[in-house]
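Structure assessment
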Amino acid sequence: MDAVPSITTVVARALHAAATILERDALQDGMRFGPLWERVLAEDPRLTTDWRDALDESPQQNSTPFKDYVNRYAINLGKVGWLYRGGRRWQLTGIGQDALRRWPDPVDYNLEMRSRYRQWERQPACAAAATALEQLVDSGSWTVLEEVAHEFAVDFNVLGPALLGTRPLGWHLALGKDGEAGAGLPLLPHERDTWRNLLEGEGVLDTARTSLDTVRALLDRRMPVWEALIAAKQPADEAEVDQELPRQLWIIRGTDAKTAVPLIRGPWREHSVVTLTTGFQPPTAGAHDPDSVRRVVDTALPTTSPARRESVARELDAFLNRMREGDIVLSTDGFETYVGVVSGPAAHGTEQLERPVEWRNLNKPLDFLKDLPSGLSGVVQDADSQVFEATEYAETVLALIGDMPRTAPVSEGPAELSDATPELAAKLHMPDTYWLQDCVELLRATPQLIFHGPPGTGKTYTALALARHLAGASSATNVRLVQFHPAYAYEDFFEGIRPRLSGKQDGGADGGLGYDLVRGPLRKLADEAERRPAEAFVLVIDEINRGHLAKIFGELYFLLEYRTERVHLLYGSDDGRGFRLPPNLYILGTMNTVDRSVAYMDAAMRRRFSFMELHPDTPPVNGVLGSWLRKQAAERGEDPATYDDSYVRLLDEINRLLADGSPGDRSFRVGPSYFMQDLAHAGDGALERLWRTQIIPLLTEHHWGDGTDVEEVYGLVGLRERLGILPPSGDGSGSEDL
């Protein structure tokens, strides 16, 4: 009897056949889906029969016609840039042609596409970036794709293909740094022709640098993305509007190289300036764009790491080109905070840039902790740059020095933890909020909580989801994740001395090694929480029991239980005032109970934490896999009530066998997460690969040395036979004893 492929494999074959036909017969003009579908069925005559057979073999019944299912599924190809569907025509892109050649097998092709699509799903700001590009149409300018990606905090490698595949209005104005169309992506000749025509229509095509193989825009029409967006939003009738651009806020740092005294205490206030020290001849005013500045930095610092050169170039470009007269600058001296207004262009010294500043509060500095809004104080404290932008706080800072009224009061706290919601429970595939609400109540009573249980029960995923829920709108900055391991130390976790290479001395000799006290993740989060008492901060510690806890926490051991008390820190960085763990800082830990490489927590540490179990035998974990499978079925347009429960039955049987083998030991079971990953659902043979590469090795380690024949007891073929589960035909299960 011939093998019956899975639904996923049939769809993969159809899409791969469509792409192959487009490459072979309609690479330039594309093809409408109706005729293309007929060609696909002619190319692979068994597709329709295999589709029906796959549905018959599957417990879930998909009512969507095969043709419509494939057409809808192909939207994903556009999101990853492999296909452009314009004017109802399917058109293969250069990226899509490259994918065909790299993944000639339909299943591999589909698996790679799904992986890239999931990357796109995790970049929700792609839509905002695309919308912003619409504003550049008819502006007579273009911008750099990489800058757009950075501006909207999306992955450059995801945004570029997505724009090429979906082509929103203005997509063609996001180019490479040299103005090159495609920004390094593989392009087909007709795609370059399209780009050439669009750029010519915008009036930005550089005909002198454009050839058959390369399309480039005029360099003098390039604008930084932030400036281009502002310019694009200006009303058409400029005579009737205020031409003043929004005032930007810049945070400026500077210390004397010899004394380490903040420059605002000396030359900046005395001479009404701010400076940016370069250590080399800085770029001139002719370096009016990031690339020009970057070239100067690359020449001056050839042996410095690329990341450091890029950081220096960004700071120089900001100080030289982006900072404008009328902008606000803010600098700190300890807790004393000074605000000024830029009053002129940059001047060039031997090894520094300088801008005149009208300081507004030299005789009455603001208090860093009391006066600055919580968000701004966190940004100022955590950033490592000498100069960086924080324009979103410009109006608030102006209000503090009397330039305009304050728009909103700064919240003083205390932080309140939000109750668990049905939305959070649904995200975690839990039937209700009771278990999650218990976690919230425990954190309200004792701000340290540990999730413990066997592998694959979703401990880390649950901890992060709960942490982000508790932090709310500020979760991007208020939640941090660290992972403990046997070599992890106090200096890694809280703060420690770190060596650095110092600069050259006056005589030109190398300065040798210097040492800095560097803050770790707990110290950074605690400092932010102290300054923003109305917000919840959550530190997630993964595999908390794999570290030497008493060594890692040091004197903080005491503070876990006594949050209102203060201790003096090991390196004296509390300036004699003492340090405390703020009450709005919460710690969520995860602990794998089957990990035999570490010792259990001691009694003192256990007293400082509450514990919640995640176990496959009990709620809420025991229903997670079924809930997830039902949701996946619904997303495919299938009836969730008739989902394929074979994965649930296999998981339950594994755990029943483990329980029978060690009835008194609940520390080892297998969690549902193993069956909720792409590897388990990637077409024919997916479950077999999962079993061979993850399930069997996990069980082999558990039974190491006890004489159990793991293949005999837990082999996939045997389990399916005992449970009466028919494997999908064509999966190779009959040829290999798993």
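For the structure itself, consult the block above.
Overview of the structure. (Residues numbered from 1 in each chain as written. Predicted model: local features only at pLDDT ≥ 70, side-chain atom pairs only at ≥ 80, totals over all residues. Heavy atoms only, no water.)

**Concerning the overall build of the protein**
This is how it is decided: In this text, helices come from DSSP runs of H or I with a minimum length of four residues, and strands from runs of E with a minimum of two, each type numbered from the N-terminal end. Three exposure classes are used, based on accessible area relative to the maximum for each residue type with a 1.4 Å probe and protein chains only: buried under 20%, partly exposed in between, and exposed over 50%. Only the protein chains shown count as cover for residues, and the accessible areas themselves come from Shrake-Rupley with a 1.4 Å probe.
A tally of helices and strands in the protein yields 31 helices and 20 strands. Looking at the protein as a whole, 50% of its 738 residues are labelled buried. Split by element, the accessible area of the protein, about 34,700 Å² in all, is 50% carbon and sulfur.

**What to know about the environment of arginine 692**
Structurally, arginine 692 can be placed in helix α29 (residues 686-702). Measuring from C-alpha to C-alpha, the distance between arginine 692 and glycine 715 comes to 9.1 Å, with 23 residues separating the pair along the chain.

**A closer look at a nonpolar patch on the surface**
Going by this rule: Exposure above 30% relative accessible area and no salt bridge define the residues that can form patches, which grow by joining like charges within 9 Å and nonpolar side chains of Val, Leu, Ile, Met, Phe, Trp and Tyr within 5 Å. For this document, the term salt bridge refers to a Lys or Arg side-chain nitrogen within 4 Å of an Asp or Glu carboxyl oxygen.
Among the surface-exposed residues, Ile497, Tyr515, Leu517, Leu570 and Tyr571 lie close enough to one another that they form a single nonpolar patch of about 480 Å² accessible area. Mapped onto the elements, leucine 517 comes out in strand β17 (residues 513-519). Given the relative accessible area of 36%, leucine 517 is considered partly exposed.

**Thoughts on the environment of valine 518**
Quick note on the threshold: Only heavy atoms enter the contact rule, under which two residues are in contact if any of them lie within 4.5 Å.
Tracing the chain through its elements places valine 518 in strand β17. What makes valine 518 partly exposed here is its relative accessible area of 37%. Taking the C-alpha atoms as reference points, valine 518 and proline 499, separated by 19 residues in sequence, lie 9.6 Å from one another. Valine 518 has contacts with Phe494, Glu495, Gly496 and Arg498, leaving out every residue within four places of it along the chain.

**Comments concerning the sheet that holds strand β2 (residues 83-86)**
Quick note on the threshold: Whether two strands pair depends on DSSP finding at least two bridges between them.
The antiparallel open sheet is built from three strands, whose spatial order is β1-β3-β2. Only two strands of the sheet have a single neighbouring strand rather than two, namely β1 (31-32) and β2. Bridge analysis of β1 against strand β3 (residues 89-92) gives two bridges, and the strand direction is antiparallel. Bridged to arginine 32 within β3 is arginine 89.

**Side note on the packing of aromatic side chains**
The test is simple: Classification of ring pairs rests on two measures: the distance between centres of Phe, Tyr or Trp rings, Trp counted by its six-membered ring, which must be within 6.5 Å, and the angle between planes, read as stacked under 30 degrees, edge-to-face over 60 and tilted in between.
Tallied over the entire structure, the rule returns 20 aromatic pairs. With a centroid separation of 6.0 Å and an interplanar angle of 65°, the aromatic rings of phenylalanine 675 and tryptophan 691 are classed as edge-to-face. With phenylalanine 675 in the loop between α28 (646-661) and α29 and tryptophan 691 in helix α29, the pair connects residues that are 16 residues apart, well separated along the chain. Taken as a pair, phenylalanine 675 and tryptophan 691 share a single burial class, namely buried. Joined through ring pairs, the aromatic side chains of Phe33, Trp37, Trp51, Phe66, Tyr69 and Trp90 make up one cluster.

**Considerations on the pairing of strand β11 (residues 352-359)**
Of the two faces of β11, the one holding Leu353, Arg355, Val357 and Trp359 is buried and the one holding Gln352, Glu354, Pro356 and Glu358 is not buried anywhere. In this structure, strand β7 (residues 273-277) lies alongside β11, joined through five bridges in antiparallel fashion. For valine 273, the partnering residue across the bridge sits in β11 and is proline 356. As paired elements, strand β9 (residues 336-342) and β11 share three bridges and run antiparallel to each other. Paired with valine 342 across the two strands is valine 357, which belongs to β11. In this sheet, β11 lies alongside strand β10 (residues 347-348) in antiparallel orientation, the contact comprising two bridges. Bridge pairing in β11 places alanine 347 opposite glutamate 354. Counted between consecutive antiparallel strands, the loop separating β10 from β11 contains three residues.

**Section: the pairing of strand β19 (residues 585-592)**
The element β19 is largely enclosed, with a buried count of eight among its eight residues. On β19, burial covers both faces: Leu585, Ile587, Gly589 and Met591 on one face and Tyr586, Leu588, Thr590 and Asn592 on the other are all buried. Summarising the sheet, strand β14 (residues 448-453) and β19 pair through six bridges and their orientation is parallel. Each residue of the ladder has a partner; that of glutamine 448, found in β19, is isoleucine 587. Examined bridge by bridge, strand β18 (residues 537-542) and β19 share five bridges and lie parallel to one another. Across the sheet, phenylalanine 537 pairs through a bridge with leucine 585, a residue of β19.

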